[in-house]
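Chain residues, written in single-letter form:
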Amino acid sequence: MVRKVTKAVFPVAGLGTRFLPATKSIPKEIMTLVDRPLIQYAIDEARAAGIEEFIFVTSRGKGALEDYFDHAHELENTLHKAGKNDLLELLRQTNMDSGAIAYVRQHKAMGLGHAVWCARRLIGDEPFAVVLTDDVVMGEPPCLQQMIEAHAETGGSMVATMEVPLDKTKSYGVLDIEEDMGAIVKVRGMVEKPKENPPSNLAVIGRYILAPSVMENLNKLKQGAGGEIQLTDAIADEIEEGRDVFGLRFRGQRYDCGSKAGFLQATVAFGLDRDDLREEFAEYLHDVLAMRKAAE
Ligand code: G1P
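Residues numbered from 1 in each chain as written. Predicted model: local features only at pLDDT ≥ 70, side-chain atom pairs only at ≥ 80, totals over all residues. Heavy atoms only, no water.

Brief notes about the environment of Met 96
1) Next: If you trace the backbone, Met 96 turns up in the loop between helix H4 (85-92) and strand S5 (101-105).
2) Next: Exposure remark for Met 96: the relative accessible area of 6% places this residue in the buried category.
3) Next: Taking C-alpha positions, Met 96 is 24 Å from Arg 274, a pair spaced 178 residues apart along the chain.
4) Next: Excluding anything up to four places from it in sequence, Met 96 contacts Ile 43, Arg 47, Phe 54, Phe 69, His 71 and Ile 101. (Helix = DSSP H or I, 4+ residues; strand = E, 2+ residues; numbered from the N terminus. Buried < 20%, exposed > 50% of the residue type's maximum accessible area, 1.4 Å probe, protein only. Contact = heavy atoms within 4.5 Å.)

Considering the site of the ligand
1) Next: Around the ligand, the surrounding shell holds 14 residues, and the nearest of these are Asp 135, Gly 173, Glu 192, Lys 193 and Val 204.
2) Next: A distance of 2.7 Å separates an oxygen atom of the ligand from a polar side-chain atom of Glu 192.
3) Next: In isolation the ligand exposes 380 Å². Once the protein is present, 75% of that is buried.
4) Next: Residue contributions to the shell around the ligand peak at four residues, all from strand S11 (residues 202-210).
5) Next: Looking at the shell around the ligand residue by residue, the class counts come to six nonpolar, four polar and four charged. (Near = heavy atom within 4 Å. Polar contact = N/O pair within 3.5 Å; in protein donor to acceptor, adjacent residues only side chain to side chain. Areas by Shrake-Rupley, 256 points an atom, 1.4 Å probe, with all protein chains shown as cover. Nonpolar A, V, L, I, M, F, W, Y, C, P; charged D, E, K, R; others polar.)

Notes on the packing of helix H10 (residues 260-272) against helix H11 (residues 278-295)
1) Next: Relative to each other, H10 and H11 sit at 135°, their axes nearing to 8 Å. With respect to each other, H10 and H11 are oriented oblique. Within the contact between the two elements, H10 uses Thr 267, Val 268, Gly 271 and Leu 272 and H11 uses Arg 278, Phe 281, Ala 282 and Leu 285. (Axes fitted to C-alpha atoms, helices over the stretch in contact; angles between N-to-C directions. Parallel < 35°, antiparallel > 145°, perpendicular 65-115°, else oblique.)

Digging into the pattern of salt bridges
1) Next: What the rule picks out here adds up to 23 salt bridges.
2) Next: Residue Asp 237 pairs with Lys 220 through a salt bridge whose shortest N-O separation is 3.1 Å. Here Asp 237 is found in helix H9 (residues 231-240), whereas its partner Lys 220 is found in the loop between helix H8 (213-218) and H9, with 17 residues between them in sequence.
3) Next: A relative accessible area of 10% means that Asp 237 is categorised as buried.
4) Next: The class of Lys 220 is partly exposed, set by a relative accessible area of 45%.
5) Next: Two residues, Arg 243 and Glu 238, come together in a salt bridge whose shortest N-O distance is 3.1 Å.
6) Next: Several salt bridges converge on common partners, so that one network encompasses Lys 220, Lys 222, Asp 237, Glu 238, Glu 241 and Arg 243. (Salt bridge = Lys/Arg side-chain N within 4 Å of Asp/Glu carboxyl O.)

Topic: the packing of aromatic side chains
1) Next: This structure, assessed with the given rule, holds eight aromatic pairs.
2) Next: Between Phe 56 and Tyr 103, the aromatic rings sit 5.6 Å apart at their centres with planes inclined by 25°, giving stacked as the arrangement. Of this pair, Phe 56 sits in strand S4 (residues 53-58) while Tyr 103 sits in strand S5, and the two are 47 residues apart along the sequence.
3) Next: Since its relative accessible area comes to 31%, Tyr 103 is described here as partly exposed.
4) Next: Centroid distance Tyr 68 to Phe 69: 5.2 Å. Interplanar angle 85°. Geometry classified as edge-to-face. (Phe/Tyr/Trp six-rings, centres within 6.5 Å; stacked < 30°, edge-to-face > 60°.)

Below you can see the structure in the form of structure tokens.
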């Protein structure tokens, strides 16, 4: 039987230089899509997938991120007294149970694989999820839940994957496919950011369910693409050692909120998805586009 996945690692140590000057004083994970910080999207997705323990790999300057999960008693009292129950409920959704969150520090920026490895003692000997907060996925059921359900059938390790244009593969981990079964693909190899000859156009996006042995592979602290310790390489080692790795073509739309263009696209998509904003926002977008067209 496949063991239940209850722990997730959130590597949030990155400096977010692509969003300077905003990230001079706020962690990029606190940047807001509509009215919720990126980290809240990641947490909600993980919770929906049955995750109970949330492990953040942080670094200097991420204090605001840690504070975000504290209960805001004063604010809650004020809202309670004012009878603002809808806001109170919204706020309570951000609360985390005592002991559900752990923080480990990544002392040096040595790559995604290294960040995940920093959580090894908290993971122990069980399968775990990794969620990259830059990748926001709109999907129903949420992407990680789709993966947990698929993983319950396949076991092994699993990455979320989507097709990208071939000339974009150099920005991603890319799958070499052994067998394409439709929604699920069996993986023969993985290459991090191939400069040339990508093995396919199936890119890894930031959702993983990993066997604990991936941590052992990370123990080697092998340098990969860009001189960094790559998670992709540690997952590829699983295959070398005879363990199964699968890709799941998830249902949904992924937004790269690590880039400005992606963040703007996500803002539009999530804005249009909201019942309280849709009408006014759609009308505005429509007018903007019409004006642009008229001006051409
Ligand atoms: C990371 C991973 C890469 C993956 C990507 C998805 O890269 O290393 O394999 O395809 O996330 O967003 P990054 O974008 O952090 O450079």
